[in-house]
Amino acid sequence: YLFAPGAPIILVGTHKDKLTEDQINQAYDVLNEGVLLKVPSIKVLTRTPLEKFCFFVSNVSSEENGFFRCTVHDPSIKILRDTIDSIAVNQDHVHEKAPVHWLAVRDDLAAKESQGMQRVALSEIINMARKFDLGKLEGVSLETEVMAMLQKFHHHGIVVWYDKPVLRDLVVLNPQWLINAASTIIRNPRLHQMAQDPLIRREMRDEWDALFNDAMLDTKLLPHLFPKEKYKEEERDQIIVLLEMFGLIVRLNDDKKTWLVPSLLPDKKEDTPSLFVNGEETTVCYLYFDLVGVKHKKVVRSSQLEGFSQLVFSLVSLAI
């Protein structure tokens, strides 16, 4: 809603298997009274066949080769899929024309993803493009056409790719890889435990406590959170850059040794940790907005206050 005004929005409620019919109806009422009536400007919410504004589904699943497969047959999931398909087919960008060679690359990438490959290097994409005769247009180099193709693929959600330093060499085929990487840091370790947690707690107790008690991520934790058996060193750097770009972590000093993780900040003001940047205590503004029943935490450093009034105005306007 914030980044693509007018785009269709589909609300999905999970864990339907854990709710009674009465509880689901209560959830509909809370959604309608707590959100929809307070945000009348959201007119692009997709209705269910029963004229509801939320699709409740049972999402019981098991992991297989990095993919999550639904293990419960729920008719609501088919309804949701059909709804998504019917909306997608009517989007203008779906009917855009694309070079046949690009479609061949897309099919090859889809085949790799179906085989469990979650990301590839840009160099591999270039080799693949060469195989399908990209770069044959007069005055257009192979690399230039590949960049244009990847930008289009990213725009359509086929891959995740950013033409920026550090990130340029990473082409993500399965967004779940990024979600898994982010949730390695942004999680409740009591509810979301990982195989490497006991070793980290034993050998890096202070850094562990700083992350999950004070929302402070130390760079020394990264090789342990992202072990070399699963992540290359350059992939760790790429993940951190992506998290910074999405605003999920905030660098606290120029030597890239410490980040603040806003989502892990304690809810109580008195528990907010003191922050130091380059050895000096730093003024940090924590803004808590209770917008339409959902608590948003926005961290603004004193060095990043340019445009602060526009930020507040935008958030307040959203809540009206």
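Residues numbered from 1 in each chain as written. Predicted model: local features only at pLDDT ≥ 70, side-chain atom pairs only at ≥ 80, totals over all residues. Heavy atoms only, no water.

A.B. asks: Before we go on, may I ask you to explain the packing of helix 3 (residues 100–114) against helix 5 (residues 142–155) in this structure?
C.D. replies: The description of two helices packed together rests on the angle between their axes and the distance between the axes. Close contact between helix 3 and helix 5 brings their axes to 11 Å; oriented N to C, the two are set at 60 degrees. As helix 3 runs across helix 5, the sense of the crossing is right-handed. Of the residues in helix 5, those touching helix 3 at Trp102, Val105, Arg106 and Leu109 are Glu145, Ala148, Met149, Lys152 and Phe153. Looking at the contact of helix 3 with helix 5, its residues break down into six nonpolar, no polar and three charged. (Axes fitted to C-alpha atoms, helices over the stretch in contact; angles between N-to-C directions. Helix = DSSP H or I, 4+ residues; strand = E, 2+ residues; numbered from the N terminus. Left-handed = near helix turned anticlockwise from the far one by under 90°. Contact = heavy atoms within 4.5 Å. Nonpolar A, V, L, I, M, F, W, Y, C, P; charged D, E, K, R; others polar.)

A.B. asks: Can you help me understand the sheet that holds strand 7 (residues 216–218) in this one?
C.D. replies: Whether parallel or antiparallel, the strands of a sheet pair through hydrogen bonds between backbone atoms. Taking strand neighbours across the sheet as the criterion, the three strands line up as 7-9-8 in an open arrangement whose pairing is antiparallel. Each edge of the open sheet carries a strand with a single partner, namely strand 7 and strand 8 (250–251). As paired elements, strand 7 and strand 9 (residues 258–260) share three bridges and run antiparallel to each other. By the bridge assignment for strand 9, Asp218 is matched with Thr258. Contacts from helix 8 (residues 205–214) reach strand 7 and strand 9, with the element oriented near 150 degrees to strand 7. (Pairing = 2+ DSSP bridges.)

A.B. asks: Before we go on, may I ask you to explain the packing of aromatic side chains in this structure?
C.D. replies: Where two aromatic rings form a pair, the distance of their centres and the angle of their planes describe that pair. Applying the stated rule across the entire model yields four aromatic pairs. Taking the centre distance of 6.2 Å and the plane angle of 65 degrees together, the rings of Tyr162 and Phe246 count as edge-to-face. Of this pair, Tyr162 sits in the loop between helix 5 and strand 6 (170–172) while Phe246 sits in the loop between helix 10 (233–245) and strand 8; the two residues are 84 residues apart in sequence, bridging distant segments of the chain. We classify Phe246 as partly exposed; its relative accessible area is 43%. Here a set of aromatic residues connected by ring pairs shows up, and it is made of Trp177, Phe226 and Tyr231. For the cation-ring pair, Arg201 lies above Trp208, with the distance from its terminal atom to the ring centre recorded as 5.4 Å. (Phe/Tyr/Trp six-rings, centres within 6.5 Å; stacked < 30°, edge-to-face > 60°. Buried < 20%, exposed > 50% of the residue type's maximum accessible area, 1.4 Å probe, protein only. Lys NZ or Arg CZ within 6 Å of the ring centre and 35° of its normal.)

A.B. asks: Explanation requested: helix 2 (residues 75–88) in the structure shown.
C.D. replies: The end-to-end C-alpha distance of helix 2 is 20 Å, a good match for the 20 Å that 14 residues give at a rise of 1.5 Å each. Within helix 2, the full set of buried residues consists of Ser76, Ile77, Leu80, Thr83 and Ile87. The arc that holds every buried residue of helix 2, seen down its axis, measures 125 degrees, which confines them to one face. In helix 2, the exposed positions angled more than 90 degrees off the buried face are occupied by Pro75, Lys78 and Arg81. (Expected span 1.5 Å × (residues − 1). Arc of directions from axis to C-beta.)

A.B. asks: Explain the nonpolar core to me, please; I cannot follow it from the model alone.
C.D. replies: Nonpolar side chains tend to gather and get buried jointly when the protein is soluble and globular. Counting 34 residues, the largest nonpolar core has Ile185, Leu211, Leu217, Leu225 and Phe226 as the members making the most contacts within it. Counting residues per element, the ones that place at least two in this core are strand 6, helix 6 (176–185), helix 8, strand 7, helix 9 (222–225), helix 10 and strand 9. Among the elements that take part in this core, helix 6 stands out by supplying five residues, more than any other. Sequence-distant contacts of Leu225, defined by excluding residues within four places in its chain, comprise Thr184, Ile185, Arg187, Gln196, Ile200, Leu211 and Leu217. If you look at the next biggest cluster of nonpolar residues, it comprises 19 residues, including Val120, Val146, Val159 and Leu173. (Core = buried A, V, L, I, M, F, W, Y, C linked by side-chain atoms within 4.5 Å.)

A.B. asks: How should helix 3 be read in this particular structure?
C.D. replies: Since the α-helix packs 3.6 residues into each turn, any two residues three or four apart lie on the same face. Compared with an ideal rise of 1.5 Å per residue, which puts 15 residues at 21 Å, helix 3 spans 21 Å between its outermost C-alpha atoms and is within 8% of the ideal. Among the residues of helix 3, those classed as buried are Trp102, Val105, Asp108, Leu109 and Lys112. One side of helix 3 carries all its buried residues, which in axial view fall inside an arc of 120 degrees. In helix 3, the exposed positions angled more than 90 degrees off the buried face are occupied by Val100 and Ser114. Next to the buried residues of helix 3 lie helix 4 (122–131) and helix 5. A positive backbone phi angle near 100 degrees is found at Gly116, which sits one or two residues after helix 3.

A.B. asks: I'm lost on the confidence of the model for the chain in this one. Help?
C.D. replies: Note: predicted coordinates in regions of low pLDDT should not be interpreted at a detailed level. On average, residues of the chain score 78 in pLDDT, and 72% of them reach the 70 mark or higher. In the predicted structure, residues 289–320 sits below a pLDDT of 50 and forms 54 contacts with residues beyond four places in sequence or in another chain. (pLDDT = per-residue confidence, 0-100.)

A.B. asks: Even after reading the chapter, I still don't get the pattern of salt bridges, so can you show me in this structure?
C.D. replies: When their charged atoms lie close together, side chains carrying opposite charge are able to pair. Taken as a whole and judged by the stated rule, the model has 12 salt bridges. Linking Asp82 and Lys78 is a salt bridge whose minimum nitrogen-to-oxygen distance equals 2.8 Å. Placement of the pair is Asp82 and Lys78 together in helix 2, with a separation of four residues, close to one helical turn. (Salt bridge = Lys/Arg side-chain N within 4 Å of Asp/Glu carboxyl O.)

A.B. asks: Please explain a negative patch on the surface as it appears in this structure.
C.D. replies: On the surface, Asp169, Glu233, Glu234 and Asp237 cluster together into a negatively charged patch. Mapped onto the secondary structure, Glu234 falls in helix 10. (Patch = residues over 30% accessible without salt bridge, like charges linked within 9 Å, V, L, I, M, F, W, Y side chains within 5 Å. Areas by Shrake-Rupley, 256 points an atom, 1.4 Å probe, with all protein chains shown as cover. Lys, Arg positive; Asp, Glu negative; His and termini not counted. Charge placed at Lys NZ, Arg CZ, Asp CG, Glu CD.)

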